[in-house]
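# Overview (structure and organization)
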Amino acid sequence: VQLQASGGGLVQAGGSLRLSCVASGLRFSRYRMGWFRQAPGKEREFGAAITSSGDSTYYTDSVKGRFTISRDNAKNTVYLDMNSLKPEDTAVYYCAAGPGTRAAPPASVRGYDFWGQGTLVTVSS
């Protein structure tokens, strides 16, 4: 299984970025997908998640209303649209995949078996 994340970069506060994560080696439509992030010196934290069918999404409070997670099962790809970016959004962003039937909540790292390599997002003030 491989998860290839891309789309990170340097952006000014208030700007936007779109992250993409292409999955291979798994039956994508059966997996929940999540985006987590890790800022320098901090623990990895949950950002957003989407169910295997795409009918439900979940967000951490700090990104609600600014970030949107979506997926295209035909392309084995999950996206994270990030708007109104803030300096505190600076982090390495990781995509993750977990079985859609996993009992662990989508905000928990225990809900995921596979992780991408991360893509760096830097928001300047």
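Residues numbered from 1 in each chain as written. Predicted model: local features only at pLDDT ≥ 70, side-chain atom pairs only at ≥ 80, totals over all residues. Heavy atoms only, no water.

### Quick notes on the nonpolar core
- Ranked by size, the top nonpolar core spans 29 residues in total, and within it Met33, Trp35, Ile69, Val78, Leu80, Met82 and Tyr93 carry the most contacts.
- Of all elements in the fold, only β1 (2–6), β3 (17–24), β4 (31–38), β5 (45–50), β7 (67–72), β8 (77–82), β9 (91–99) and β11 (119–124) reach the threshold of two or more residues within this core. (Core = buried A, V, L, I, M, F, W, Y, C linked by side-chain atoms within 4.5 Å. Buried < 20%, exposed > 50% of the residue type's maximum accessible area, 1.4 Å probe, protein only. Helix = DSSP H or I, 4+ residues; strand = E, 2+ residues; numbered from the N terminus.)

### Notes on the packing of aromatic side chains
- Evaluated as defined, the whole model comprises five aromatic pairs.
- Taken together, the ring pairs connect Phe36, Phe46, Tyr112 and Trp115 into an aromatic cluster.
- The ring of Phe28 has Arg71 sitting right over it, with the charged end atom 4.3 Å from the ring centre. (Phe/Tyr/Trp six-rings, centres within 6.5 Å; stacked < 30°, edge-to-face > 60°. Lys NZ or Arg CZ within 6 Å of the ring centre and 35° of its normal.)

### Some thoughts on the state of the cysteines
- Tallied over the entire structure, the rule returns one disulfide.
- Across the disulfide, Cys21 is cross-linked to Cys95 (sulfur-sulfur distance 2.1 Å). Disulfide Cys21-Cys95: the torsion about the S-S bond is 55°, which places it as right-handed. Highlighted residues: Cys21 in strand β3 and Cys95 in strand β9, separated in sequence by 74 residues.
- Of the residues examined, Cys21 reaches a relative accessible area of 0% and is grouped as buried. (Disulfide = S-S within 2.5 Å.)

### Describing the pairing of β8
- β8 sits mainly inside the fold: five of its six residues count as buried.
- Two elements, β7 and β8, share six bridges in a ladder whose sense is antiparallel. Note that in β8 the partner of Ile69 across the bridge is Leu80.
- The loop that links β7 with its antiparallel partner β8 comprises four residues; one of these, Asn76, has a positive phi angle of about 55°. (Pairing = 2+ DSSP bridges.)

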